[in-house]
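Below, each chain spelled out in residue letters.
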Amino acid sequence: MYRVALPALGMAPAWRKAARRLASHRIAADRIAWSRGEAETGGLFDDLALPDADGPAEVRASKPVIDLLATVICHADPQASALAYQALLRHQRDRLALSNPADPLTLRLTALARSVRRDIHKMHAFLRFRELPGDGPRRRFAAWFEPSHLIEERAAPFFARRFGDMDWMILTPRATLRFDTGGLSFGPPPKARPELPEDASEALWGTYFQNIFNPARVKIAAMKSEMPVKYWKNLPETRLIPQMLADAEGRVAAMRAAMPSQPPAHVARILDRLAAAPLPDLPETLDQAAEAARSCTRCGLCEAATQTVWGEGDPTAPLMIVGEQPGDHEDLQGRPFVGPAGQLLREEMAQADLGPVWLTNAVKHFKFRPRGKLRLHQSPDRGEIEHCRWWLGLERRFVAPRLTVALGGSAAYALTGRADRLSERRGRVERTLDGGDVLVSWHPSYILRLDSRAAGQARQQLRDDLALAGRLAAQGGAAPIA
């Protein structure tokens, strides 16, 4: 039996060195007894000495496996080192063994690593420094913490980075961490928990903690989950929690009493404005439909868009052109097809020598995703298109076009209810849901996204489609081809 005693400090490199050598000789895991926390000179190998040199077998491990094993051996479970070595041996035979989430050993290692990482996170979050007296150029601090696992050496670099401008010392039951003029070192633990002096900043921290406490949202179970009770004894702010909970009901009552009993003055102006524009049950004219659409709340797009963008053009036109939705420019100006895509469309309409036209969109509000000061276009989903189909139907009923041109997939879906590939439908006349004729073509914004060669071809196709639509509209429509 090989016995490997790992030191309390420097445990990770000692385990790594011993595990590599043992694994290079392919020594089975059940022939090794691991122990931790003994002094470095306390008989590292009692029964059988480790081989003097690495064995013939190569020992390799991927970085994720190394990180996992280095985390696992920090767990307080006495079997953690042995499990890590067992996993290292298995990794030599099968590189994918530890990637199986259903494997019992993988499950055990994952649970141990998760517990260690959580303990490190809690140490970073709940350790409280107290300032020590001193007359040197750097301020001095000390803290006491009781981690559940052997995490001191893995947790220390965080404090070195965060508090590099001061000297500090962290004391735990297993080690002493020192950061002195930029150098980090580890030493044996104190004989007993030290009595650290009161810190003047604790009163300020306590005041802040009391003021961010919301008595109307007290959830004790959630608070204990995020801040486990075992850490409370070392946190200065937790001594305030019992009194804050006792005062919560009274503070909530005071908050309710302080709430205004009368609505602000601007509420009356808003209510008057809404009352002055009652929505008709069913618009009787195109203008009434446009007026009603301004107050549309049939879907959530109205909440972020600037305004409803209704159609425009000749209400007696034999041809209607339907796009997808307003863009950024259209949303701000309240007019359809005034942005870059609209300018391309109007140029092609002029080239095709179209007569009177009614221009509109399948969806009347701009859908976008904010990124900084930009509003990035997002295509409407089917539900939003179907909600807005009611307005498009009113436009078609009042304008009564002989032929409609659907630009893009959203418009084609709104008019026909079909979501087939647009490349197979472009240039063909289909039947609309209300029985009319619709010619399907590219949306100009799609052409703007193509490279120059493809854009030139698609633009010519759009021009041809518009010219065909103009001829068909002048003839009184067309029999469906598709």
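Since this is a predicted model, take the numbers as computed values, not measurements. (Residues numbered from 1 in each chain as written. Predicted model: local features only at pLDDT ≥ 70, side-chain atom pairs only at ≥ 80, totals over all residues. Heavy atoms only, no water.)

To continue, consider the overall build of the chain. Looking only at helices and strands, one finds 16 helices and 15 strands in the chain. Against the globule reference of 23 Å for 482 residues, the chain gives a C-alpha radius of gyration of 37 Å, more extended than a compact globule. For the chain, the spread of C-alpha atoms along the principal axes amounts to about 100 × 70 × 45 Å. Across the 482 residues that make up the chain, the buried fraction comes to 42%. At a minimum sequence separation of 6, the contacts of the chain that also span at least 24 residues come to 72%. For the chain, the centre of its 66 positive side-chain charges and the centre of its 56 negative side-chain charges are spaced 3 Å apart. (Helix = DSSP H or I, 4+ residues; strand = E, 2+ residues; numbered from the N terminus. Rg over C-alpha atoms; globule rule 2.2 N^0.38 Å. Buried < 20%, exposed > 50% of the residue type's maximum accessible area, 1.4 Å probe, protein only. Contact = heavy atoms within 4.5 Å. Lys, Arg positive; Asp, Glu negative; His and termini not counted. Charge placed at Lys NZ, Arg CZ, Asp CG, Glu CD.)

For the structure shown, the criterion picks out 0 disulfides. Of all cysteine sulfurs in the structure, the one in Cys388 sits closest to Cys296, which takes part in no disulfide; the separation is 5.8 Å. What makes Cys388 buried here is its relative accessible area of 6%. (Disulfide = S-S within 2.5 Å.)

Let us now look at the domain arrangement of the chain. Often, the extent of an interface is quoted as the loss of accessible area on bringing the components together. Looking at the chain, the domain boundaries give domain 1 (2–122), domain 2 (127–187), domain 3 (205–257) and domain 4 (286–475). Centre-to-centre separation of domain 2 and domain 4, based on C-alpha positions: 65 Å. (Domains from an automatic or database assignment.)

Time to look at the sheet that holds strand E6 (residues 176–180). Pairing in this open sheet of 5 strands is mixed, and the strands run E3-E4-E5-E6-E7 from one edge to the other. Each edge of the sheet is formed by a strand with only one pairing partner; in this case those strands are strand E3 (130–132) and strand E7 (183–187). The average angle at which neighbouring strand axes cross in this sheet is 20 degrees, direction not considered. Sheet topology places strand E5 (residues 167–171) next to E6; 4 bridges connect them, and they run antiparallel. (Pairing = 2+ DSSP bridges. Axes fitted to C-alpha atoms, helices over the stretch in contact; angles between N-to-C directions.)

With that out of the way, let us pick up the confidence of the model for the chain. Taken over all residues, the pLDDT of the chain has a mean of 89, while the share at 70 or more is 95%. Note on residues 39–45: pLDDT is under 50 here. Beyond four places in sequence and across chains, it has 10 contacts. (pLDDT = per-residue confidence, 0-100.)

Right, let's get into the packing of helix H2 (residues 63–72) against helix H4 (residues 104–126). A pair of packed helices is captured by two measures, namely the crossing angle of their axes and the spacing between those axes. The N-to-C vectors of H2 and H4 enclose an angle of 70 degrees; their axes lie 8 Å apart at closest approach. Classified by the angle between their axes, H2 and H4 sit roughly perpendicular to one another. Read as a crossing pair, H2 and H4 show a hand that is left-handed. Contacts between H2 and H4 pair Leu68, Leu69, Thr71 and Val72 from the former with Leu109, Leu112, Ala113, Val116 and Arg117 from the latter. In terms of residue class, the contact of H2 with H4 is made up of 7 nonpolar, 1 polar and 1 charged. (Parallel < 35°, antiparallel > 145°, perpendicular 65-115°, else oblique. Left-handed = near helix turned anticlockwise from the far one by under 90°. Nonpolar A, V, L, I, M, F, W, Y, C, P; charged D, E, K, R; others polar.)

Within H2, the full set of buried residues consists of Val65, Leu68, Leu69, Ala70, Thr71 and Val72. Contacts from the buried residues of H2 go to helix H1 (11–24), helix H3 (80–93), H4 and helix H5 (152–162).

Before going further, it helps to examine the pairing of E6. Between E5 and E6, which pair antiparallel in sequence order, lie 4 residues. Sheet analysis places E6 next to E7, joined by 5 bridges and oriented antiparallel. Residue pairing across strands places Phe179 opposite Leu184, the latter belonging to E7. Between E6 and E7, which pair antiparallel in sequence order, lie 2 residues; one of them, Thr181, sits at a positive phi of approximately 45 degrees.

It is the contact of H3 with H4, at a shortest axis distance of 11 Å, that shows an interaxial angle of 130 degrees. Viewed along their axes, H3 and H4 adopt a mutual orientation that is oblique. Considering the relative orientation of H3 and H4, their crossing is left-handed. Counted together, Leu83, Ala84, Gln86, Ala87 and Arg90 of H3 and Leu105, Arg108, Leu109 and Leu112 of H4 form the full contact between these two elements. Looking at the contact of H3 with H4 residue by residue, the class counts come to 6 nonpolar, 1 polar and 2 charged.

Our focus in this paragraph is the pattern of salt bridges. Considering all chains together, one arrives at 28 salt bridges under this definition. Note that Arg459 is salt-bridged to Glu347, the shortest N-O span being 2.5 Å. On the criterion of sequence distance, the pair formed by Arg459 in helix H16 (residues 452–475) and Glu347 in helix H12 (residues 340–351) is long-range, its members being 112 residues apart. In this structure, the salt-bridge partner of Asp434 is Arg396, at a minimum N-O distance of 2.9 Å. Linking Asp434 in the loop between strand E14 (429–431) and strand E15 (437–441) with Arg396 in helix H13 (residues 382–399), this pair joins segments that are 38 residues apart in sequence. The exposure class of Asp434 is exposed, given its relative accessible area of 51%. Taking the relative accessible area as the measure of exposure, Arg396 reaches 10% and is therefore buried. Each of Glu347, Glu348, Arg459 and Arg463 takes part in one network of salt bridges that share partners. (Salt bridge = Lys/Arg side-chain N within 4 Å of Asp/Glu carboxyl O.)

A few words on the sheet that holds strand E8 (residues 312–313). Strand order in the open sheet formed by 6 strands is E8-E10-E9-E13-E15-E14, with mixed pairing between adjacent strands. Among the strands making up the open sheet, the edge pair consists of E8 and E14. In the sheet, E8 pairs with strand E10 (residues 357–361) via 2 bridges, with the strands oriented antiparallel. The residue bridging Glu312 from the neighbouring strand is Leu359, located in E10. Sheet strands in contact with H13 are strand E9 (319–323), E10 and strand E13 (403–407), and its direction is about 170 degrees off that of E10.

Cross-referencing UniProt, the feature "domain: Uracil-DNA glycosylase-like" (unreviewed entry) maps to residues 310–467 in the present numbering. Taken end to end, residues 310–467 has its terminal C-alpha atoms 25 Å apart, with 42% of it in helix and 21% in strand. (UniProt positions renumbered as here; feature names shortened; annotations may be inferred.)

Taken together, the side chains of Arg26, Arg60, Arg93 and Arg95 make up a positively charged region of the molecular surface. By secondary structure assignment, the location of Arg26 is in the loop between H1 and strand E2 (32–38). The class for Arg26 is partly exposed, based on a relative accessible area of 39%. (Patch = residues over 30% accessible without salt bridge, like charges linked within 9 Å, V, L, I, M, F, W, Y side chains within 5 Å. Areas by Shrake-Rupley, 256 points an atom, 1.4 Å probe, with all protein chains shown as cover.)

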